[in-house]
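Examining the three-dimensional arrangement
Below are the chains, spelled out letter by letter.
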Amino acid sequence: MSGLWLHIRNSPIRWAFPVLVVLDVAVLFLRNRYWIGDWPETGAAAQVPAYLLGTVGAGAAAWAASASTRQGVEEQLRAARVHPARVEAYRIAATLFVLLVPYLIGQAVAFAVTARTFPPGLHLWLGYVALGLFAILLAVALGWACGRLLGPVFSAFTAALGFLFLTVGLGRFEFIVVSGRPEVAVDPMPMALRLGLVVALLLIMLWLPGSGAPRQRRRSVAALLPVALSLLLVMGATAAVADREPPGDDAICLDGSMRLCIWPEHEKYLPQLREINARIDELPDSFIRPPLIIEAGLHKKQFIVINGKEYLNYADDPPFFYVLEGSPWSYAGDIGSAITSKTFGFQDLRACDWMKIIEPDQARLAAISKWMETYLVGGGRPDYHTSASQESQQAWAKGRAVAADPSRANQFRWAEGEVSDLRGRYCQPRN
Amino acid sequence: MISVDVTASRETDLPAATSPLRLFLAVRPARAVLAITVLLGALAAWFGLIQTPIPTSIEDGKAIIPLWRMIAMGAGILPVLALTSPLADLELVATQRLRSMQRRYLAGLSIGCAAIYLAICGTVLHPAVVAIIARAWIAWFGLALLAGAILGWRLAWTLPAATAAVLWYWGYSGSQHYYWWEFSARPHNDLPSLFLSAALLAAGLVAYAATPWRRRRWTWRLPRPKPSPPTSTSTSTST
């Protein structure tokens with residue numbers, strides 16, 4: 001242990017440690033804070049810095065790896081009493097300490113912040129910790145390989161740039177995730193396989209010859225290839241993040257004129273959803289509510305096979321909503337459009353014919369859907385950007401202006417009038 | 001100059017009568033830097049438009065960053081890496097001749113690298129994109145010079161890499177817009193980031209010029225600090 005501590009204190013990259021800690025915590029907190037109080041989001045938020053730490057970390061690992069060549073002590077180390085692999089093990093361990101601990105500090109801080117409320121779903125946090133761990137280990141492996149194989153001048157540069165290229169190449173394999181939505185989770189088997197392979201890669205590096213070694217000794221580099229290739233293969237063939245099994249009875253549901261169910265991990269949104277549910281109850285009767293609305297992923301996806309191709313089958317599913325970045329506008333919008341769609345019978349092809357809708361009526365529909373959204377949130381300005389056309393934005397502004405009316409009775413009178421008028425034009429009267 | 005002469009001829013078996021310039025170049029990785037510049041240029045031209053999603057501080061969906069923005073950073077660092085010399089410890093005591101040669105070497109290599117890199121990029125990428133790359137190159141080069149002058153030329157990549165992490169993570173302000181200091185992504189006709197790039201280059205050049213003897217001369221021009229009272233020296237010696 002004291003030998004490891006000696007290596008850490010004398011590591012050529014020890015000055016990177018405070019920088020990386022500051023970078024990690026800054027990336028974690030100088031961002032949105034909706035992850036607080038939600039385990040999978042907490043893990044994902046604290047895993048994001050791993051990508052940035054990895055870029056600098058790959059370069060730092062290469063710098064540490066090439067230290068012995070740079071200082072010209074390669075031959076002394078090879079002739080030392082202890083086995084060269086053991087010296088390398090100490091050096092790699094010290095490098096891992098300097099690069100991993102800042103990441104783990106970030107995860108620990110994030111854990112402490114969320115642990116105050118301690119919602120369910122702690123195991124999801126662990127999955128994202130492993131995802132970030134893998135990114136850092138991969139960066140160290142890449143950096144160490146560059147540092148051992150290339151000369152001291154270009155190794156760190158190549159490693160940092162190489163890690164950037166690697167993230168571009170692996171971008172589609174869930175190398176780094178941005179958010180930890182509750183309907184997905186890190187799959188333990190592929191993750192364990194990745195971690196095992198990258199650790200194997202690091203172990204092989206203990207026997208790598210330095211860049212100054214004689215030619216015949218440099219053949220052992222070839223041992224890296226099968227492991228590196230199988231790692232790439234595993235990353236390409238398996239998905240680290242997979243859909244979760246629906247929680248079944250564990251889902252939290254709110255009853256009212258419309259039943260509203262969410263993932264247990266999202267219990268921190270219950271107060272806001274209760275308010276929305278109360279506002280739904282107050283809506284006039286001419287608005288038809290679907291009996292049940294669920295958070296995305298709460299029902300198992302069903303596939304139907306048409307001509308040998310699989311398609312998602314939405315027909316029997318209840319409408320669903322997303323909670324994006326914890327924004328009430330995201331779920332109020334989804335819930336509102338579920339209600340307006342049911343009210344106007346967009347799916348009811350027998351009673352209504354919305355194909356022949358004319359432009360002004362389209363604007364009225366848009367106005368009422370935005371009124372609904374703003375009403376459900378409880379007023380205010382939306383927090384999202386839009387690139388919608390000028391006409392639809394005008395229609396939205398009209399709907400939001402109605403929602404700003406202090407008298408709720410006036411709002412409902414306007415909305416009821418619009419519903420009955422529009423339904424009268426395009427739908428047969430309800431019996 | 002003597003030190004260079006002796007070591008270089010021993011390591012590379014150069015004939016005894018050879019020009020100082022060749023001796024200067026013999027221990028510096030100019031050829032490797034040019035080769036890597038060509039390689040990076042080819043990579044940027046071939047794959048530059050590939051976009052990759054990366055996490056940023058605001059968007060829930062990841063922001064998209066094209067590869068050419070990443071490669072431009074590498075191209076900006078390279079000429080500074082070329083300043084590295086295995087004889088740096090000896091060259092510390094070198095005189096005017098080596099310094100001026102190093103100055104010309106840096107100027108020639110950086111301009112050459114930039115020209116090669118931009119020319120290769122220009123064959124494929126849109127001129128507006130090449131203009132952004134050129135501006136970003138200036139800024140990355142300035143940052144690399146700054147880091148290299150402070151930490152040593154081989155560590156020139158540290159400051160650009162750390163800056164890139166900050167720019168790419170916090171520089172995106174949503175819906176395809178970037179803050180004014182995001183010099184690697186703002187549109188090509190954007191003035192603030194052009195000024196910022198020029199300022200970074202100036203900072204790098206100042207750091208390069210600020211050799212120990214110049215710094216001493218600069219501080220001499222300032223009013224000299226009063227000689228410290230004798231009590232403080234006596235305490236320091238006693239402890």
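Residues numbered from 1 in each chain as written. Chains lettered and ligands numbered in written order. Predicted model: local features only at pLDDT ≥ 70, side-chain atom pairs only at ≥ 80, totals over all residues.

Before going further, it helps to examine the overall build of chain A. Within chain A, the regular secondary structure consists of 16 helices and 8 strands. Taken over the C-alpha trace, chain A has a radius of gyration of 28 Å; the compact-globule value for 431 residues is 22 Å, which it surpasses by more than 25%. With the C-alpha coordinates of chain A rotated into their principal frame, the extents come out at 95 × 50 × 45 Å. Across the 431 residues of chain A, 39% fall into the buried class. (Helix = DSSP H or I, 4+ residues; strand = E, 2+ residues; numbered from the N terminus. Rg over C-alpha atoms; globule rule 2.2 N^0.38 Å. Buried ≥ 20, exposed ≤ 12 C-beta atoms within 10 Å, placed from the backbone.)

Moving on, we get to the overall build of chain B. The number of helices and strands found in chain B is 11 helices and 4 strands. In chain B, which comprises 239 residues, the share counted as buried stands at 38%. Summarising the internal contacts of chain B: among those between residues at least 6 apart in sequence, 66% fall at separations of at least 24. (Contact = placed C-beta atoms within 7 Å.)

All names here are of chain A. Pairing between strand β4 (residues 259–262) and strand β5 (residues 292–295): 3 bridges, direction parallel. Bridging across to β5, Arg-259 finds its partner in Leu-292. Where the polypeptide runs from β4 across helix α12 (residues 270–282) and back to β5, its parallel neighbour, the crossover connection is left-handed. In terms of strand pairing, β5 meets strand β8 (residues 320–321) through 2 bridges, oriented parallel. Bridging across to β8, Ile-294 finds its partner in Phe-320. (Pairing = 2+ DSSP bridges. Right-handed = clockwise from strand over helix to strand, strands pointing away.)

This part covers the nonpolar core. Residue and element names in this part refer to chain A. Ranked by internal contacts, the top residues of the largest apolar core, which has 135 residues, are Ala-61, Ala-141 and Ala-160. Broken down by element, this core gets its largest block of residues, 19 residues, from helix α8 (residues 122–149). Leaving out residues up to four positions away in the same chain, Ala-61 has contacts with Thr-95, Leu-99, Ala-139, Val-140, Gly-143, Trp-144, Gly-147 and Ala-159. If you look at the next biggest cluster of nonpolar residues, it comprises 33 residues, including Trp-263, Tyr-269, Leu-273 and Leu-298. (Core = buried A, V, L, I, M, F, W, Y, C linked by C-beta atoms within 7 Å.)

Sheet strands line up and pair through hydrogen bonds in the backbone, either parallel or antiparallel. Residue and element names in this part refer to chain A. Taken together, 4 strands build an open sheet; the order of strands is β3-β4-β5-β8 and the sheet is mixed. Looking along the sheet, the strands with just one partner apiece sit at the ends: β3 (252–254) and β8. In the sheet, β3 pairs with β4 via 3 bridges, with the strands oriented antiparallel. Paired with Leu-254 across the strands is Leu-260, a residue of β4.

Residues and elements named next belong to chain B. Taken over all residues, the pLDDT of chain B has a mean of 82, while the share at 70 or more is 84%. Every residue in residues 232–239 is under pLDDT 50, and counting partners more than four places away or in other chains gives 1 contact. If you check the scores for this complex, the pTM reads 0.87 and the ipTM reads 0.84. (pLDDT = per-residue confidence, 0-100.)

Between the first and last C-alpha of helix α4 (residues 49–65) of chain A there are 23 Å, a value that for 17 residues agrees with the 24 Å anticipated at 1.5 Å per step. The largest bend in α4(A) amounts to roughly 30 degrees and is located at A:Thr55. (Expected span 1.5 Å × (residues − 1). Bend = angle between axes of the 7 residues up to and from the residue.)

Every contact between the two is made by 27 residues of chain A and, on the other side, 25 residues of chain B. Those elements that place two or more of their residues in the side of chain A that touches chain B are α2 (16–29), α4 and α9 (155–170) of chain A. Per element, the largest residue contribution to the side of chain A that touches chain B is 7 residues, and it comes from α9(A). Among the residues making up the side of chain A that touches chain B, the classes are represented as 19 nonpolar, 6 polar and 2 charged. (Nonpolar A, V, L, I, M, F, W, Y, C, P; charged D, E, K, R; others polar.)

Residues and elements named next belong to chain A. If you check helix α10 (residues 188–204), its first and last C-alpha atoms are 24 Å apart, about what 17 residues at 1.5 Å a residue would give, namely 24 Å. Taken as a whole, α10 has its buried residues at Met-191, Arg-194, Leu-197, Val-198, Leu-201 and Leu-202. Down the axis of α10, the buried side of the element spans an arc of 140 degrees, and every buried residue falls inside it. Exposed residues lying more than 90 degrees from the buried face of α10 are Met-189, Ala-192 and Gly-196. (Arc of directions from axis to C-beta.)

Here we come to unusual backbone geometry. The phi angle of most residues is negative, glycine excepted, and most peptide bonds adopt the trans form. All names here are of chain A. In this model, Phe-118 sits at a positive phi of 45 degrees, which is unusual for a non-glycine residue. Its location among the elements puts Phe-118 in the loop between α7 (84–115) and α8. Owing to 9 C-beta atoms within 10 Å, Phe-118 belongs among the exposed residues under this scheme. In this model, Glu-325 sits at a positive phi of 50 degrees, which is unusual for a non-glycine residue. Tracing the backbone shows Glu-325 in the loop between β8 and α13 (328–344).

This brings us to the environment of A:Ala139. Residue and element names in this part refer to chain A. With respect to the helices and strands, Ala-139 occurs in helix α8. Measuring from C-alpha to C-alpha, the distance between Ala-139 and Pro-18 comes to 18 Å, with 121 residues separating the pair along the chain. Once you skip the residues sitting within four places of it in the chain, Ala-139 turns out to touch Gly-54, Gly-57, Ala-58, Ala-61 and Phe-163.

Once that is clear, we can look at the packing of α4(A) against α8(A). When two helices pack together, their arrangement is given by the angle between the helix axes and the distance between those axes. Residue and element names in this part refer to chain A. In the contact formed by α4 and α8, the axes pass within 7 Å of each other and the chain directions differ by 30 degrees. For the element pair α4 / α8, the angle class is roughly parallel. The way α4 lies across α8 gives a crossing that is right-handed. Class assignment of the residues belonging to the contact of α4 with α8 gives a composition of 17 nonpolar, 6 polar and 1 charged. (Axes fitted to C-alpha atoms, helices over the stretch in contact; angles between N-to-C directions. Parallel < 35°, antiparallel > 145°, perpendicular 65-115°, else oblique. Left-handed = near helix turned anticlockwise from the far one by under 90°.)

Residues and elements named next belong to chain B. Two numbers describe how helix α6 (residues 96–122) lies on helix α7 (residues 127–151): the axes approach to 10 Å, and their chain directions differ by 155 degrees. As far as their axial angle goes, α7 and α6 are roughly antiparallel. Seen along the crossing, α6 lies across α7 with a hand that is right-handed. Residue-level contacts link Ser-110, Ala-114, Leu-118, Cys-121 and Gly-122 of α6 to Val-130, Ile-133, Ala-134, Trp-137 and Phe-141 of α7. The class makeup of the residues in the contact of α6 with α7 is 8 nonpolar, 2 polar and no charged.

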